[in-house]
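What follows is each chain in one-letter form.
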Amino acid sequence: MAKKKKKPVTAGKVLPKKQSAKVRLSVCMIVKDEEKMLPDCLESIKGLYDELIVVDTGSSDRTVDIAEQFGAKIYHHPWENNFSLHRNQSISYATGDWILQIDADERLDAASYHSLLPTLQKAPEKVLGFCVIIQDYKKDGSQSVRFNYPRIFRNNAGVRYEAAVHNQVIIEGKVEFSEIQLNHFGYDLDPVSMLKKFRRSVRLLRREARENPDDPRAFYYLANAYSQYQKFSKAVKYARKTLEILRKMPAAPPYYLSIYHGLIGGLIAEEKLDEAREVCREALQVREDYVDAFYHLARINYMQKNFEDTLTAGKKYLELAAFYNADSSRLEIINYYTLDRVYRVNFWMGIASFALKDEIRGLQFIETGLAAQKSDHTNVLEMIHNTFAVASGEIVKEVVYKTFARHKDSATFFYFLIQELASIDMLIFLPGLVESLRPQDEIRQDGFARIIYQICMRNERAALDELRSYDKNSDKGIHASLCEFLLQHGENAMMPVPKDLYDQFPLLGFSHLAIGVLCDELSQFDIAQIEGFLTEKDHNNELKMLAHLLRLYHFILINNADGLLDSITALIEISGLETAPVLDDIEDLKRILASFAQKADRSLCPEAGDLAVKIGEVFFNDDPIFMSFKYRRDILRSKRRGPYSSNIRFYFKYLLLPRRTWLCSVKFTAKKQKHALILQ
């Protein structure tokens, strides 16, 4: 029987490709003193690679031992201040079909583990490499910049790295996008390691900038480095230099677009908002769908209280963020820094809507922002703070209750929220919030939070019982001792402050003096301590007001007219009270104290207002006009401050969170946040 002739392949047709053999994967790394990060990195790719190539550049810790435990082939090369040199060394040892380049401070995302090898197995022959998604994570666990970058490429395809720092991979062929994701934790280091890393990068980049003054690359990365380290004046300087070079070029790689983000952020940090707005406009001329520029436009308009424009820019940002988040290939190779901040823009748009009297729409934006899993405590509390600035009391209450319901699983947020409510003088909400807690809620499970819960419920006996069973040697032990002192002091105003509490809580001694005057207990009044307190610089306006009021009280008692006038002058200056410090007779003092109390209330300094009224009450208790003012004020204050005593309010506001590391890694202080709308 004659053999059948094979049919020729006609043009435009491709025969089915024969199933290829399993691809061999080489993982290539360069390392130095990575014993903390390396185990998690290698665990994330364990079982995927056929060989692990590790170039060690001089480790003095257990890095090499750890790598060997995962089957690594170790090659030792002394560090030569050139990342590309050592990356090229590592890939030169690879024998696999494909190479994955990964750093010790990265992890293969769990969702990508089972798709990595099939992606390589199915790769068309013309494809020489794949971009992966790089997702940066901050120290608090929140996401940061996200971008695509080639990290997987065929071996023996002429791939190489260039540049000494922030090296770039050169693949002269087709590169596809993929859904494979690497998570980067390179900023999740202790402060000493971060500073060391920053200085090393800056040193190498400065050298590169000197050697190549017409190349924007080194200036671009210098701007990024200084921005990440919050050295904004230098970040702005190098960002401007980068743009100066780019504007002279006929064309530039698209990843340089992100230089605008650093420049705008630096200008905002320097409070040059109008200039930042102009840079946003320039960035949008370069690329009209640049999502980060719309984020910053919404931010600038919000800070300047241009609420209609906040909504316009915010709407465009939300549309673009949804577009890019839906498909990672749309990111191309541009670094986008704001795609994880959708919740923040929703908060801004909600507050803008409240300011424009559209409460229904405002609540919708706030609820959408709260529903985001990535919202952080600082921005949630800022949102509450600014809602109070522009919305009605009922809306503020609804926002607070919705926020609390969303964060019942966080004892840390519970502490933060109490302090925020105290700072905006709205502790009236607190009893209702804690009453809504169920025994199984996370806040009720935390030992220290249970103590605060009982204090909020005004169950002083129950709080003391919790304190007696609480481990005073725990990380919150000193705060438990403070709670115990405050509860006991409520029953005995003569109690002296224990030395260990004085040492741990510098404000406690001062608050003890102020509360003593409010409670008519003057046995521990110490003018020297007050004068010493005023020599310190880092106190907010209310604390300064309290100190000068205590001085004023002292000078009245000793009949020192010069000291009295000096104290009143200081109070008027701090509060911005529009009145002259004239003291022709006693009526002037009465007028100034009443005006000051009203101004203190409007400036969210109600404890200072309390003390001003108390001083007036002591010296003008027979004056019907002043006493009428006092009663009207007391009624108004009772509608906002709740059923808590002065010492507990002071504790909530100033002592609950005095830079204690046990609370959380989120940096938050009682100082006004960058986007606070309430003005003194």
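Higher on the page you've got the structure.
Description of the structure in this document. Just so you know, these numbers come straight off a predicted model, no measurement behind them.

1. Let's talk about the overall build of the chain
Along its length, the chain carries 30 helices and ten strands. Overall, the chain is about 125 × 55 × 55 Å in size when its C-alpha atoms are taken along their principal axes. The buried share of the chain, taken over its 680 residues, is 54%. Counted over contacts in the chain with a minimum sequence separation of 6, partners at least 24 positions apart contribute 66%. Element-wise, carbon and sulfur atoms account for 51% of the exposed surface of the chain, whose accessible area totals about 32,000 Å². Charge centroids of the chain, computed over 92 positive and 91 negative side chains, lie 8 Å from each other.

2. Some points on the sheet that holds strand β1 (residues 25–31)
What the eight strands build is an open sheet, ordered β3-β2-β1-β4-β7-β6-β10-β5; its pairing is mixed. Each edge of the open sheet carries a strand with a single partner, namely β3 (72–76) and β5 (106–108). Adjacent strand axes in the sheet meet at a mean angle of 30° when their direction is disregarded. Pairing of β1 with strand β2 (residues 51–56) involves six bridges; the strand directions are parallel. Paired with V31 across the two strands is D56, which belongs to β2.

3. Some remarks on the pattern of salt bridges
In a structure, side chains of opposite charge can pair up when their charged atoms sit close to one another. Inspection of every chain in the model, using the stated rule, returns 41 salt bridges. The salt bridge involving R151 is made with E106; its shortest N-O contact spans 2.6 Å. On the criterion of sequence distance, the pair formed by R151 in strand β7 (residues 143–154) and E106 in strand β5 is long-range, its members being 45 residues apart. The exposure class assigned to R151 is buried, which follows from its relative accessible area of 8%.

4. Some details on the pairing of β2
Counted residue by residue, β2 has six buried out of six residues, so it is predominantly covered. In β2, alternate side chains face the same way, and those of E51, I53 and V55 on one face and L52, V54 and D56 on the other are all buried. Handedness of the crossover joining β2 and β3 through helix α2 (residues 63–69) is recorded here as right-handed.

5. A closer look at the nonpolar core
If you look at the biggest cluster of nonpolar residues, it comprises 169 residues, and the most contacted ones within it are F414, L421, I452, Y651 and F652. At ten residues, helix α25 (residues 541–557) tops the list of elements feeding residues into this core. F414 has contacts with F404, V434, I443, A449, I452, Y453 and C456, leaving out every residue within four places of it along the chain. Core analysis: the next-biggest nonpolar cluster, separate from the first, contains 39 residues, M37, I45, V54 and V132 among them.

6. Some points on the packing of helix α27 (residues 586–602) against helix α29 (residues 624–641)
Relative orientation and spacing of two packed helices are given, respectively, by the angle between their axes and the distance between those axes. Contact geometry of α27 with α29 gives a least axis separation of 11 Å together with a crossing angle of 10°. In this view, α27 runs roughly parallel relative to α29, as classed from their interaxial angle. Only F626, F629, R633 and R637 of α29 make contact with α27, whose side of the interface consists of K590, L593, A594, A597, Q598 and D601. Tallied by class, the residues present in the contact of α27 with α29 amount to five nonpolar, one polar and four charged.

7. With respect to a positive patch on the surface
Residues R199, R203, R206, R207, R210, K231, K234 and K237 make up a contiguous surface patch of positive charge. Elements with a minimum of two residues in the positive patch: α5 (191–211) and α7 (232–246). Per element, the largest residue contribution to the positive patch is five residues, and it comes from α5. Inspection of the secondary structure assignment puts R207 in helix α5.

8. What about the side chain of E51?
Counting through the fold element by element, E51 comes out in strand β2. A distance of 2.9 Å separates polar atoms of two side chains, one belonging to E51 and the other to K73. In this structure E51 touches L25, S26, V27, K73, Y93, A94, T95 and G96, once residues within four positions along its chain are discounted.

9. Comments concerning helix α20 (residues 460–468)
Considered for burial, the residues of α20 that qualify are A463, L464, E466 and L467. Projected onto a plane normal to the axis of α20, the buried residues spread over an arc of 160° and lie on a single side. Buried residues along α20 sit against α19 (447–456) and α21 (477–489).

10. Re the environment of Q454
Turning to its location among the elements, Q454 is positioned in helix α19. Between the C-alpha atoms of Q454 and T403, which are 51 residues apart in sequence, the distance is 21 Å. Residues contacting Q454, with those up to four places away along its chain left out, are N459, A462, A463 and E466.

11. Details of the side chain of K599
Inspection of the secondary structure puts K599 in helix α27. Owing to a relative accessible area of 17%, K599 belongs among the buried residues under this scheme. Every residue in contact with K599, bar those within four places of it in the chain, is listed here: S575, G576 and L577.

12. Here's the deal with the packing of helix α14 (residues 377–390) against helix α15 (residues 393–406)
Remark: α14 packs on α15, axes separated minimally by 9 Å, with the N-to-C direction vectors making an angle of 165°. For the element pair α14 / α15, the angle class is roughly antiparallel. For the pair α14 and α15, the crossing hand works out as left-handed. Touching V380, M383, I384, T387 and F388 of α14 are I395, V396, V399, V400 and T403, all from α15. Within the contact of α14 with α15, the residues separate by chemical class into eight nonpolar, two polar and no charged.

13. Description of a nonpolar patch on the surface
Taken together, L557, I558, V618 and F619 make up a surface patch of nonpolar side chains, about 330 Å² in accessible area. Inspection of the secondary structure assignment puts I558 in the loop between α25 and α26 (561–575).

Rules of the game
Residues numbered from 1 in each chain as written. Predicted model: local features only at pLDDT ≥ 70, side-chain atom pairs only at ≥ 80, totals over all residues. Heavy atoms only, no water. Helix = DSSP H or I, 4+ residues; strand = E, 2+ residues; numbered from the N terminus. Buried < 20%, exposed > 50% of the residue type's maximum accessible area, 1.4 Å probe, protein only. Contact = heavy atoms within 4.5 Å. Areas by Shrake-Rupley, 256 points an atom, 1.4 Å probe, with all protein chains shown as cover. Lys, Arg positive; Asp, Glu negative; His and termini not counted. Charge placed at Lys NZ, Arg CZ, Asp CG, Glu CD. Pairing = 2+ DSSP bridges. Axes fitted to C-alpha atoms, helices over the stretch in contact; angles between N-to-C directions. Salt bridge = Lys/Arg side-chain N within 4 Å of Asp/Glu carboxyl O. Right-handed = clockwise from strand over helix to strand, strands pointing away. Core = buried A, V, L, I, M, F, W, Y, C linked by side-chain atoms within 4.5 Å. Parallel < 35°, antiparallel > 145°, perpendicular 65-115°, else oblique. Nonpolar A, V, L, I, M, F, W, Y, C, P; charged D, E, K, R; others polar. Patch = residues over 30% accessible without salt bridge, like charges linked within 9 Å, V, L, I, M, F, W, Y side chains within 5 Å. Polar contact = N/O pair within 3.5 Å; in protein donor to acceptor, adjacent residues only side chain to side chain. Arc of directions from axis to C-beta. Left-handed = near helix turned anticlockwise from the far one by under 90°.

Geometric values such as these leave the question of function open.
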